[in-house]
Amino acid sequence: GLGLAGTMTMNVVERSRELTRRLLPELVLMDINLPKLNGLDATRLIKAESPGTKVVMVTVSDDQADLFESIVDVVPDRTAVVHGERRLTYAELDARANQAAHAMQARGVDAGEHVGLYLKSCPEFLEAMLGAYKMRAVPININDRYVAAEVDGVARDADAVGIVMDGSRPASANELAGSGRWV
């Protein structure tokens, strides 16, 4: 069987596909590893039945970055995030996620390493999470109400190499800086 990890991965993929179907009904996500029909033939079949349909080829995996980038390619100017009066299109969110990924890489984060996200529910959290996915790092959500000692404990338990946080917590940043992790 798939085991727990395989089950969790499939659940993430299925939830992502369902969300994509609801938000972008004109988009067809198709696994390029179809067992009996190759991707090109499947695309032709879908286009013949629904000429206006956009088809995006994806590989079934837990790769949220590739799935997100497939959506960006199809609807770059559609609103992706609404936070108060602030709005970001998919293209803007993608550009900001790329910046977050580059910032983490500049701090020495490598693929497979864990990064704590100590942020409120805001666009920056999503940007950092997608940035981590893009570089194949593992984002670890840290409750934004935790105090520095709790944040350090979660980061230590998760083996996080760093913590992404906003500038509104200078005292916490100073306390966490001594932990050997970047903030």
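Read on for an overview of the structure. Just so it is clear, the structure is predicted and the values come from calculations on it, not from any experiment.

Regarding the packing of helix 4 (residues 90-106) against helix 5 (residues 123-134)
Closest axis-to-axis distance for the helix 4/helix 5 pair is 7 Å, and the angle between their directions is 65 degrees. The element helix 4 and its partner helix 5 pack so that their crossing is right-handed. Contact residues: helix 4 offers L93, D94, R96, A97, N98, A100, A101 and M104, while helix 5 offers E124, L126, E127, A128, L130, G131, A132 and K134. Residue composition of the contact of helix 4 with helix 5, by class: 9 nonpolar, 2 polar and 5 charged.

Looking at the packing of aromatic side chains
The final tally for this structure, using the stated rule, is 1 aromatic pair. Where F68 meets Y90, the ring centres are 6.1 Å apart and the plane angle is 40 degrees; that geometry is what we call tilted. Of the two residues, F68 is situated in helix 3 (residues 64-74) and Y90 in helix 4; the sequence distance between them amounts to 22 residues. A residue is classified by how much of its surface remains accessible, and Y90, at 10% relative accessible area, is buried.

Quick notes on the side chain of D94
Its location among the elements puts D94 in helix 4. A distance of 2.5 Å separates a polar atom in the side chain of D94 from a polar atom in the side chain of K134. Look past the residues within four positions of D94 in its chain and what remains in contact with it is F68, E69, V72 and K134.

Conventions we followed
Residues numbered from 1 in each chain as written. Predicted model: local features only at pLDDT ≥ 70, side-chain atom pairs only at ≥ 80, totals over all residues. Heavy atoms only, no water. Axes fitted to C-alpha atoms, helices over the stretch in contact; angles between N-to-C directions. Helix = DSSP H or I, 4+ residues; strand = E, 2+ residues; numbered from the N terminus. Left-handed = near helix turned anticlockwise from the far one by under 90°. Contact = heavy atoms within 4.5 Å. Nonpolar A, V, L, I, M, F, W, Y, C, P; charged D, E, K, R; others polar. Phe/Tyr/Trp six-rings, centres within 6.5 Å; stacked < 30°, edge-to-face > 60°. Buried < 20%, exposed > 50% of the residue type's maximum accessible area, 1.4 Å probe, protein only. Polar contact = N/O pair within 3.5 Å; in protein donor to acceptor, adjacent residues only side chain to side chain.

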